[in-house]
Amino acid sequence: MSLKEKIQSDIKEAMKTRENEKVGVLRMLQSEIKNAEIAKRTKLSKSNGADDIEQKSQLSDEEIIEVISRETKKRKDAIELYEKGGRKELAEKEKKEAEILSAYMPEQMSEEEIRSLAKKTIDRLNASGQQDMGKVMGALKLETKGKADGAAVSRIVKELLSL
C-alpha cells in the first residue's frame, strides 16, 4: 500500500471514529499532495508534452514524505511563534497536528546517528572548516532526507567543522 493510499484509508477510518481533528489534518495533507502533483504535472507538460503525463505526475512515497516534512516544519514554526506570542491554545493545536503528521514520516535519526554520519561525510570529503559547510550539507541532505531535521543536521555539522 502506497503512502497516499494509507492516508486515504486513515481518513476513512478517522471519519468512522469521529476523530474530526485527524480528519481535518489528513484532508489538508491530501490537498497539499494534490497541489504538489498539479505542480509536477505543469512542469512535466512544459518539458515533455502530454504522453502519459497523468501517470508520471503521481507523487512517489519519497515525494509525499517531502510534502509531509514541509507541513510538519510549518507546524513547528507556528508553534514557536504562538508560544512567543503567548497563545498556548493555538500552540497546542499545532502540536497535535504535527503529531498526526509525524506518524507518516519515516523513523527520525537520533542525534548520535546524525553526528556519526556527519563525521563520516566530513572525513570522506576532507572538509576542514566552515568554508566546506555547503559541500558537507549537500552530501548529507541526500542521506538524511525525511529522516532528520535539517536544522539539527546543520547545527551538528557546524559544530563538527569548528573543532
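Residues numbered from 1 in each chain as written. Predicted model: local features only at pLDDT ≥ 70, side-chain atom pairs only at ≥ 80, totals over all residues. Heavy atoms only, no water.

Observations regarding the confidence of the model for the protein chain
No. 1: Of all residues in the protein chain, 98% have pLDDT values of 70 or greater, and the mean over the chain is 89.
No. 2: Helix α1 (residues 3-16) holds the highest mean pLDDT among the elements of the protein chain, 95, whereas helix α3 (residues 53-56) holds the lowest, 78. (pLDDT = per-residue confidence, 0-100. Helix = DSSP H or I, 4+ residues; strand = E, 2+ residues; numbered from the N terminus.)

So, helix α5 (residues 88-102)
Because an α-helix completes one turn every 3.6 residues, residues spaced three or four positions apart along the sequence face the same direction.
No. 1: Helix length check: α5, at 15 residues, gives a terminal C-alpha distance of 21 Å against a target of 21 Å (1.5 Å per residue), a fit within 8%.
No. 2: Taken together, the buried positions of α5 are occupied by Ala91, Glu94, Glu97, Ala98, Ile100 and Leu101. (Expected span 1.5 Å × (residues − 1). Buried < 20%, exposed > 50% of the residue type's maximum accessible area, 1.4 Å probe, protein only.)

Topic: the pattern of salt bridges
No. 1: If you walk through the whole model with that rule in mind, you get 19 salt bridges.
No. 2: Between Glu94 and Arg75 there is a salt bridge, with the nearest N and O atoms lying 3.6 Å from each other. You can see Glu94 sitting in helix α5 and its partner Arg75 sitting in helix α4 (residues 61-84), a full 19 residues away along the chain.
No. 3: Relative accessible area serves as the criterion here: at 11%, Glu94 is assigned to the buried category.
No. 4: Where Lys84 meets Glu80, a salt bridge forms, and the shortest distance between an N and an O atom there is 3.7 Å. Highlighted residues: Lys84 and Glu80, both in helix α4, separated by four residues, approximately one helical turn.
No. 5: Owing to a relative accessible area of 66%, Lys84 belongs among the exposed residues under this scheme.
No. 6: Taking the relative accessible area as the measure of exposure, Glu80 reaches 44% and is therefore partly exposed. (Salt bridge = Lys/Arg side-chain N within 4 Å of Asp/Glu carboxyl O.)

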